[in-house]
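Chain and residue survey
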Amino acid sequence: MPLLARMITTPVVVDIRRGAIADLADLLADQRISAGGRVAVAVGPRSGGQLTESVRPTLREADFYTVEGGTVDAALRLAGQVRGRSYDAIVGVGGGKVLDVTKFAAARLGLPMVAVATNLAHDGIGSPVSILDNDAGRGSYGVPAPIAVIVDLDVVRQAPARSVRAGIGEVLSNLSAIADWELSRDLTGEPVDGLAVTLARTAAEAVAHHPGTLVDDDFLRVLAEGLVLSGLAMVVAGSTRPCSGACHEISHAIDLLYPERAGAHGEQVGLGAAFASTLWDDPESRSRGTLIANCLVRHGLPVTPAALGFSLEEFTAAVVRAPETRPGRFTILEHRDLDKDAVVAAVRAFSDRMNAAYATTGTKDSNGPAGPQTEESTPDT
Ligand SMILES: [Zn+2]
């Protein structure tokens, strides 16, 4: 008899609510991750301090390590410190960098990794990918996904509004990535995993259609769940394909070309998704682009290169460079295979269209890369 199911590794715990971090020790014990709380806790320079003090009393057997920077070196350093000390798991407490470093170190040591996310900037909180800087720039490393994901909404509310808001762009970019994947299926025969698509698209549509803002617990929960679902989609697909297409290629190119000026990952991929959607010429794709851009604007995210802090020429250079950042990944960029002049025209048309459509929304170019933190989108810390 054939096996009519497939096994998918998922976190044993996903806990998204106010006050979740206070129950960290109980959660580790209840789920048999670490009955005695013998864990290594990695914190960032900022996520340490008060947060560390709040969990320390309940994790008396734990040791705390401070992680500096999101580099392979930092991850190897952490692995070296933790090695041979008989921990049950490594707990990463922080935003993107700490979680990426902790995931990589845990993978090196074969230990389970618990993600305690302190902001919602990107889908690394539950993904099987660790993004780290190395000598050659920035690399994506495949690692086991976290065995538990904890998001304390009270803690997220303490994070900078801009970083939490960036997560909206990250989840929305799934729509662009899925379109790229399905295009590749139709044109190159690349297999598409329908379950991965279901998870990634549901995440993005839940965020896109939610009427709330970052001040609402309900919206924060949907955003956090969207990031977790995105991570699961990548686990199911066995790659970043459901969440990374032309949108991410453009963002990677910005990182490579302008390492000192690159913005938040979620801001870049959101803008990349909005731009990529204009390269299609069918009505469905156009409405997808409108859905993405409307949502970005509603939450105060940049929808023009200038709003991200780049000239049209600079953004054009990133679009031209984008396909090289992900050899072998077929997206609308590879399909259109635009020459420099065509990219110049496409970027100009995109920028004009965004300026015309959203000229009165307060996300015009003049607001600069971060934009003002509007009252509605600033968490009420
Ligand atoms: Zn991403």
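Okay, so let's go over this structure. One numbering rule holds for all chains: residues counted from 1, following each sequence as written. A pLDDT threshold of at least 70 governs which residues receive local features in this predicted model, and a stricter bar of 80 or more applies before side-chain atom pairs are shown or counted, although totals over entire chains, interfaces and linings include all residues. Where side-chain values are given, they derive from all heavy atoms of the structure, hydrogens and water being excluded.

1. Section: unusual backbone geometry
One non-glycine residue, R32, lies in the positive phi region at around 60°. To qualify as a helix, a DSSP run of H or I must reach at least 4 residues; to qualify as a strand, a run of E must reach at least 2; elements of each kind are numbered from the N terminus. For R32, the location among the structural elements is in the loop between helix 1 (24-30) and strand 2 (39-43). With a phi angle near 45°, D337 is a residue other than glycine that sits in the positive phi range. With respect to the element layout, D337 can be found in the loop between helix 14 (332-336) and helix 15 (340-357). The rule is simple: take the accessible area with a 1.4 Å probe, protein chains only, and divide by the maximum for that residue type; under 20% is buried, over 50% is exposed, in between is partly exposed. A relative accessible area of 63% places D337 in the exposed class.

2. Regarding the sheet that holds strand 8 (residues 148-152)
Only strands that DSSP links by at least two bridges are regarded as paired with each other. With parallel pairing, 6 strands are arranged side by side in an open sheet as 1-8-5-4-2-3. With partners counted over all chains shown, the strands left at the sheet margins are strand 1 (13-17) and strand 3 (63-66), one partner each. Each strand axis lies, on average, 15° off the axis of its neighbour in the sheet, ignoring direction. Taken together, the 4 bridges between strand 2 and strand 3 define a ladder with parallel strand orientation. Residue pairing in the sheet places A40 in a bridge with D63 of strand 3. On top of the sheet, helix 4 (residues 96-109) reaches strand 2, strand 4 (89-94) and strand 5 (113-117); it is set at about 170° to strand 4, its chief contact. Axes here mean lines fitted to C-alpha atoms, for a helix over just the part in contact, with angles spanning 0 to 180 degrees between N-to-C directions. Contacts are residue-level and defined by heavy atoms, with any inter-residue pair within 4.5 Å sufficient.

3. Looking at the packing of aromatic side chains
A pair of aromatic rings is counted whenever rings of Phe, Tyr or Trp (Trp by its six-membered ring) have centres within 6.5 Å, and the orientation is called stacked for planes under 30 degrees apart, edge-to-face for over 60 and tilted otherwise. Evaluation of the coordinates by the stated rule reveals 5 aromatic pairs. Measuring from ring centre to ring centre gives 5.4 Å for F275 and F350, while their planes differ by 75°; the resulting arrangement is edge-to-face. Residue F275 is found in helix 10 (residues 265-277), and its partner F350 is found in helix 15; the two are separated by 75 residues along the sequence. The pair F275 / F350 is uniform in exposure class, with both members buried.

4. So, the pattern of salt bridges
Proximity of charged atoms lets side chains of opposite charge pair with each other. A pair is scored as a salt bridge if a Lys or Arg side-chain nitrogen falls within 4 Å of a carboxyl oxygen belonging to Asp or Glu. In the structure shown here, the tally under the stated rule is 19 salt bridges. We note a salt bridge from D217 to R157, for which the minimum N-O separation is 2.7 Å. One end of the pair, D217, is in helix 8 (residues 217-237); the other, R157, is in the loop between helix 5 (153-156) and helix 6 (161-188), with 60 residues separating them in the sequence. If you follow the salt bridges from partner to partner, you end up with R18, D154, R157 and D217 in one network.

5. What about the nonpolar core?
Nonpolar core, defined: a set of buried Ala, Val, Leu, Ile, Met, Phe, Trp, Tyr and Cys residues in which side-chain atoms within 4.5 Å join the residues together. L120, I125, V151, I168, L223 and F275 are the most contacted members of the largest nonpolar core, which has 85 residues in total. The element best represented in this core is helix 6, accounting for 8 residues. Residues lining this core come from more than one domain, with at least three contributed by each of domain 1 (13-156) and domain 2 (166-358). Once residues lying within four places of it in the same chain are set aside, the contact partners of L223 are L120, V164, G167, I168, V171, V207 and L214. Start and end positions for the domains come from either an automated domain assignment or a database one.

6. Examining the coordination of the zinc ion
Summarising the metal site, the zinc ion is bound by the protein donors E170 (OE), E170 (OE), H248 (NE2) and H265 (NE2), whose distances to it range over 2.1 to 2.5 Å. Here the zinc ion binds 4 donor atoms, and the angle range of 55 to 148° at the metal identifies the geometry as irregular. Ligating atoms shown are N, O and S within 2.8 Å of the metal, or 3.2 Å for Na, K and Ca, and water is not included, meaning a site may look less than complete. Four donors are marked tetrahedral only if all angles between them lie between 85 and 135 degrees, whereas four are marked square planar and six octahedral if opposite donors are more than 155 degrees apart and the other angles lie between 65 and 115; the remainder are marked irregular.

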